[in-house]
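Summary of the model geometry
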Amino acid sequence: MADGRLADPLEKELEVEESAPRLRLSRRGIVVLGALGAAVLGVLAWLVFFSSVLDVRTVAVQGTSDERLTADQVREAVGGLGDGPLARVDLDVVRHRVEAIPRVARAEVWRGWPHTLRVKVVQRTAVAAVKGDDGQFTQVDAGGVSFATEPAPPEGVPVVELRLSQQATDVDGVIDRSQLVRGAVAVAAGLPPEVAKRAGSVLVRSYDDIELQLSGGATVRWGSPEQIDRKARVLVALMGQKGTNFDVTAPEAPAVSG
């Protein structure tokens, strides 16, 4: 009897579960729900990609610091690519447009929902200014890219000047002026900060005869644009000694005089 009394409630519970109505969708109901879902997605896609609800309203620019590269110049490069729905802006094309600006080394572009196209630029930094025959100074970055020409060199940047010897002129067909300039720029780019800030000029007489003129009247015979890192380390050590003339043309046998 005890077993029977225990079984009755369980049997009733099972009967209730079995008799509970089950929700079943007909094929027509499934089709209707699918159509509603597709309609909702279609409306959302239209709102995002084709309507003016999420249009670009602002092009926010980061990384411009002075009048040489302004936010307006970046916006001008973006141009009509920054119009219309934000979702449809081709970020790669915008990036290439901005990186085509001579002073821009690289750019990042991303969407700032709901209405902002964001652009971050990294400007080129001059490591040298090459003095031309016309007296103008062309700024060159560490990668050897020329990006601006102005009447005066930037403050604190070494000036590369060609003062070619007769020997260098005679072999101009073998080592041309552009190669000489690239070598001098590589030397300027490889100078330690404590030397670079003192380097007023990088004089090029030939491929093997590059000389640095430092503030205070000191000079550095550098030689060729080879073993730049080693020569830089040796020069820093030499400058701890008294002297006005430093020679690192042969870094394994440096010299100080004056």
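So, here is what we can say about the structure in this document. Every value quoted in this text rests on a predicted model; they were computed, and no experiment measured them. (Residues numbered from 1 in each chain as written. Predicted model: local features only at pLDDT ≥ 70, side-chain atom pairs only at ≥ 80, totals over all residues. Heavy atoms only, no water.)

A look at the pairing of strand β8 (residues 199-206)
In the case of a regular strand, side chains alternate between the two sheet surfaces. Cut-off, in case you're wondering: Only protein chains enter the accessibility calculation, which uses a 1.4 Å probe; a residue whose area is less than 20% of its type maximum is buried, one above 50% is exposed, and one in between is partly exposed. By definition, any uninterrupted DSSP run of H or I lasting at least four residues is a helix, any uninterrupted run of E lasting at least two residues is a strand, and each is numbered from the N terminus. In short, DSSP must find at least two bridges between two strands for them to pair.
Of all 8 residues making up β8, 6 are buried, and the element is well covered by its neighbours. Where strand β7 (residues 159-162) lies against β8, 4 bridges are found, and the strand directions are parallel. Residue pairing for β8: V159 is matched across the bridge by S201. Relative to strand β9 (residues 209-214), β8 runs antiparallel, the two being bridged by 6 bridges. Among the inter-strand pairings, A199 is bridged to a residue of β9, identified as L214.

Focus: the sheet that holds strand β3 (residues 116-123)
This is how the line gets drawn: Angles here are taken between N-to-C directions and fall from 0 to 180 degrees, while the axes themselves are lines fitted to C-alpha atoms, restricted in helices to the stretch in contact. Contact definition: two residues touch when any of their heavy atoms are within 4.5 Å.
A sheet is described by the order of its strands in space; here 3 strands give the open sequence β1-β3-β2, paired in mixed fashion. This sheet does not close on itself; its edge strands, each paired only once, are β1 (58-62) and β2 (104-112). If you compare each strand with its neighbour and ignore which way they point, the axes differ by 20° on average. Packing of helix α4 (residues 91-99) onto the sheet brings it into contact with β2 and β3, and relative to β2 it is tilted by some 150°.

What to know about a nonpolar patch on the surface
Applied cut-off: To count toward a patch, a residue needs a relative accessible area above 30% and no salt bridge. Like charges then connect within 9 Å, nonpolar side chains (Val, Leu, Ile, Met, Phe, Trp, Tyr) within 5 Å. We get accessible surface area from the Shrake-Rupley algorithm with a probe of 1.4 Å; when it comes to residues, only the shown protein chains can shield them. For this analysis, a salt bridge means a side-chain nitrogen from Lys or Arg found within 4 Å of a carboxyl oxygen belonging to Asp or Glu.
A cluster of nonpolar side chains, V32, L33 and L36, forms an exposed patch at the surface whose accessible area comes to about 270 Å². Looking at the element boundaries, L33 is found in helix α2 (residues 27-49).

Structural notes on the pattern of salt bridges
Under the defined criterion, the tally for this structure stands at 10 salt bridges. Overlapping salt bridges, with partners in common, bring together R68, R103 and E150 in one network.

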